[in-house]
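Working through the structure, step by step
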Amino acid sequence: MDQGAEGRCWHCSRRYEDCEETARWLLDRIQCPPDIAIICGSGLGLLAETLSSPKIFNYSQIPHFPESTVVGHSGQLVFGALQDKSCVCMKGRFHVYEGYPLWKVTFPIRVFKLLGVKVLMVTNAAGSLCETYRPGDLMIIRDHINMPGLAALNPLRGPNDDRFGPRFPSLWDTYDRDLRITALEIAQKLGQANLTHEGVYCMVGGPNFESVAEAKFLQKLGADAVGMSTAPEVVVAKHCGMRVFGLSLITNRVAQAYETQESVNHSSVLEVGKQRSQLLQMLITDLVRSIQFKVENQEPAA
Ligand code: HPA
């Protein structure tokens, strides 16, 4: 087996006990365990600043946590209340292109599970493969194509730990239908229906943006938008039984012809994120407000 420096399969999951140790460390330091986890992609970092009674941890403080290396992605977990719901925001995620093995990319998700998180909300920046999507538009993720996953770069590769989930999980209903419908209604209410779409997100490994031939290929596969994150975290969240919501901010068009001059770079991606940060924040905040949790151990109403 492919061995990493720590003597375990390079691709495999972190041991359950390590996730437990991290979860326990966090639980000892927070007031209220979170029900909702939000991964703040480009443009959503400021959401974490709106949490009330925040408790902030730098990734470097947290046992077993990886550290973020990308400009524009800080590395903090912020715990607090949003719309009276107990949340944790991940400011800065881990990407495969940074060189992280997939168990590190998805380690926080398993820690969230052990903290009691029931809903994962994931945001990202993505390039448009769809004629009708423009930079600044939003795409509610209906489904994904996990390109690295299809080629065995899957976070569930390796021995399965049944305490997290089954060996062969189904992904057919991964992106929660009710949350998607509610998000569309919120976009409408915010007057943004014309720039909000629902579509298929394709994850590629990056860090280069796509060649023209690759873009045409992905579009033919049925992808509406392409980005370099999200699928691993979502696969692990679904594996361990969380409800998932995904939102892409379209930051650029992906060139599908040699004649068109579509230039994309990391700073233009961040710039669109900045311009749209308020809208993203409002949509996610309203969506958090809409979520109702069943009170456990309570008799159902007669
Ligand atoms: N391709 C891949 N990832 C991206 C893009 C893109 O065009 N835009 C933002 N993230």
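Structure first, text after, so check above.
Everything quoted here is computed from the prediction, not taken from an experiment. (Residues numbered from 1 in each chain as written. Predicted model: local features only at pLDDT ≥ 70, side-chain atom pairs only at ≥ 80, totals over all residues. Heavy atoms only, no water.)

1. Considering helix 4 (residues 177-189)
In this model, helix 4 (13 residues) spans 19 Å end to end at C-alpha, consistent with the 18 Å of a helix rising 1.5 Å per residue. Looking at helix 4, one finds that the buried residues are Leu 179, Arg 180, Ala 183, Ile 186 and Ala 187. Taken around the axis of helix 4, the buried residues stretch over an arc of 125 degrees, which confines them to a single face. Along helix 4, exposed side chains directed more than 90 degrees from the buried face belong to Arg 177, Gln 188 and Lys 189. Buried residues along helix 4 sit against strand 5 (119-128), strand 6 (138-146), strand 7 (196-203), strand 9 (243-253) and helix 8 (277-290). Capping the start of helix 4, Asp 176 holds a side-chain oxygen 3.1 Å from the backbone nitrogen of Asp 178, two or three residues further along. At the C-terminal side of helix 4, Gly 191 shows a positive phi close to 75 degrees. (Helix = DSSP H or I, 4+ residues; strand = E, 2+ residues; numbered from the N terminus. Expected span 1.5 Å × (residues − 1). Buried < 20%, exposed > 50% of the residue type's maximum accessible area, 1.4 Å probe, protein only. Arc of directions from axis to C-beta. Contact = heavy atoms within 4.5 Å. Polar contact = N/O pair within 3.5 Å; in protein donor to acceptor, adjacent residues only side chain to side chain.)

2. Here we look at the side chain of Lys 91
Within the secondary structure layout, Lys 91 lies in strand 4 (residues 85-91). Among the polar contacts listed, one links the side chain of Lys 91 to the side chain of Glu 49, at a separation of 2.9 Å. Ignoring any residue separated from it by four or fewer positions in sequence, one finds Lys 91 in contact with Gly 45, Ala 48, Glu 49, Tyr 59, Ser 74, Gly 75, Gln 76 and Val 78.

3. Details of the nonpolar core
Counting 47 residues, the largest nonpolar core has Leu 26, Leu 77 and Phe 112 as its most contacted members. Here this core takes 6 residues from helix 2 (residues 102-115), the largest share from any one element. Ignoring sequence-local partners within four residues, the contact set of Leu 26 consists of Phe 57, Ile 62, Leu 77, Phe 79, Val 111 and Leu 115. If you look at the next biggest cluster of nonpolar residues, it comprises 31 residues, including Ile 38, Ala 48, Leu 179 and Leu 249. (Core = buried A, V, L, I, M, F, W, Y, C linked by side-chain atoms within 4.5 Å.)

4. Some remarks on the environment of Ser 42
If you trace the backbone, Ser 42 turns up in the loop between strand 1 (36-40) and strand 2 (52-58). Residue class for Ser 42 comes out buried when judged on its relative accessible area of 9%. Placed 49 residues apart in sequence, Ser 42 and Lys 91 show a C-alpha to C-alpha distance of 9.5 Å.

5. Section: the environment of Phe 57
Its place among the elements puts Phe 57 in strand 2. Judged by its relative accessible area of 3%, Phe 57 falls in the buried class. C-alpha separation for the pair Phe 57 and Phe 79, spaced 22 residues apart in sequence, amounts to 8.5 Å. In contact with Phe 57, not counting residues within four places along its chain, are Trp 25, Leu 26, Arg 29, Ile 30, Ile 62, Gly 75, Gln 76, Leu 77 and Phe 79.

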